[in-house]
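Residue-level structure breakdown
The chain contents come next:
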Amino acid sequence: MPKLIIIEGLDGSGKSTQTELLVKHLGDTGVKFKKIKLPDYDSPSSTLVKMYLDGQFGKSADDVNAYAAGAFYAVDRFASFKLNWKSDYENGTVILADRYATSNSIYQMEKLDEAEWDSYLSWSEDFEYNKIGIPRPDLVIYLDVPVEISQKLMTDRYSGDENKKDVHEADISFLQSCRKSALYTAEKQNWRVVNCTENGKLLPIDTIHSMICNIVDKELSNA
């Protein structure tokens, strides 16, 4: 049976690091898997996403509404599925995705009034999983890191050059809203939330990794 496992988190949450550690863990345990990273910036399918993040449609994330931006990313996900991992998935390979359609409810849903959030979640699920036809995830792990900590990690990543941040990364109030919408969706859609901090500090990478492995191993044992 195929499995689609998603790692989500705000920019600067350590998501890429934890995904790579999980790749090593799956390899060590002999699981047949394939890792994908979305958006696929090497593909022409991500052109609209790159234009959006570069600020070509406006310097604020709010200059592109939640539905339009969600559609930009959905096109890229559809192309990735059809061209890169559909056959692997259908042959029973575990697909490990660094971001997925679930990112809509983190980065786009926050643009709407909270009274519209449930409607947006329903639209996004129907549009991507039913209308477009990409697979529905089996497990979503959300790495929860407060924005003040993730911002420091991103600043360190860019060696202090704040100009390297895209329209999402540079907008602190936007990211705070994204965290709120992510935790709302996590409760609504049964995501597994990994609290990556304690007493205002990021937990050791290995500690977070162990928590993630326990969740993934349990999911795969139920395959």
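Calculation notes
Residues numbered from 1 in each chain as written. Predicted model: local features only at pLDDT ≥ 70, side-chain atom pairs only at ≥ 80, totals over all residues. Heavy atoms only, no water. Helix = DSSP H or I, 4+ residues; strand = E, 2+ residues; numbered from the N terminus. Buried < 20%, exposed > 50% of the residue type's maximum accessible area, 1.4 Å probe, protein only. Areas by Shrake-Rupley, 256 points an atom, 1.4 Å probe, with all protein chains shown as cover. Lys, Arg positive; Asp, Glu negative; His and termini not counted. Charge placed at Lys NZ, Arg CZ, Asp CG, Glu CD. 1 Å grid on protein atoms, 1.4 Å probe; cavity = no way out; pocket = protein on both sides within 12 Å on 5 of 7 lines; lining within 4 Å. Points joined across faces, edges and corners; volume = space filled by probe spheres on them. Nonpolar A, V, L, I, M, F, W, Y, C, P; charged D, E, K, R; others polar. Pairing = 2+ DSSP bridges. Axes fitted to C-alpha atoms, helices over the stretch in contact; angles between N-to-C directions. Contact = heavy atoms within 4.5 Å.

Points about the overall build of the protein chain
Each helix and strand in the protein chain was counted, giving eight helices and seven strands. Its C-alpha atoms give the protein chain principal-axis dimensions of roughly 45 × 45 × 35 Å. Expressed as a percentage of the 223 residues in the protein chain, the buried residues total 50%. Counting only carbon and sulfur atoms, one obtains 49% of the accessible surface of the protein chain, whose full area is about 10700 Å². For the protein chain, the separation between the mean place of its 26 positive charges and that of its 35 negative charges on side chains is 4 Å.

Observations regarding the layout of surface pockets
By volume, the second largest pocket amounts to about 170 Å³. Lining the second largest pocket, in full, are Thr102, Glu125, Tyr129, Arg136, Pro137, Asp138, Leu139, Val140, Gln189, Asn190, Trp191 and Arg192. Residue assignment for the lining of the second largest pocket shows that the elements contributing at least two residues are helix 5 (117-132) and strand 4 (139-144). Looking at the lining of the second largest pocket residue by residue, the class counts come to five nonpolar, three polar and four charged.

Here we look at the sheet that holds strand 5 (residues 192-195)
In spatial order, the strands read 2-3-1-4-5; together these five strands make up an open sheet with parallel pairing. Each edge of the sheet is formed by a strand with only one pairing partner; in this case those strands are strand 2 (33-37) and strand 5. Here the average twist between neighbouring strands, direction ignored, is 20 degrees. Where helix 1 (residues 15-28) meets the sheet, its contacts fall on strand 1 (3-9), strand 2, strand 3 (94-98) and strand 4, and the angle it forms with strand 2 comes to roughly 170 degrees. Here helix 8 (residues 205-221) sits on the sheet in contact with strand 1, strand 3, strand 4 and strand 5, set at roughly 170 degrees to strand 4.

Side note on unusual backbone geometry
The amide bond that connects Leu38 to the next residue, Pro39, takes the cis arrangement and shows omega of 0 degrees. Assignment of secondary structure puts Pro39 in the loop between strand 2 and helix 2 (47-53). Positive phi values are uncommon outside glycine, yet Arg99 reaches one of about 80 degrees. Turning to its location among the elements, Arg99 is positioned in the loop between strand 3 and helix 4 (104-107). Taking the relative accessible area as the measure of exposure, Arg99 reaches 10% and is therefore buried. Phi is positive for Asn190, which is not a glycine, with a value near 60 degrees. In this fold, Asn190 is placed in the loop between helix 7 (172-189) and strand 5.

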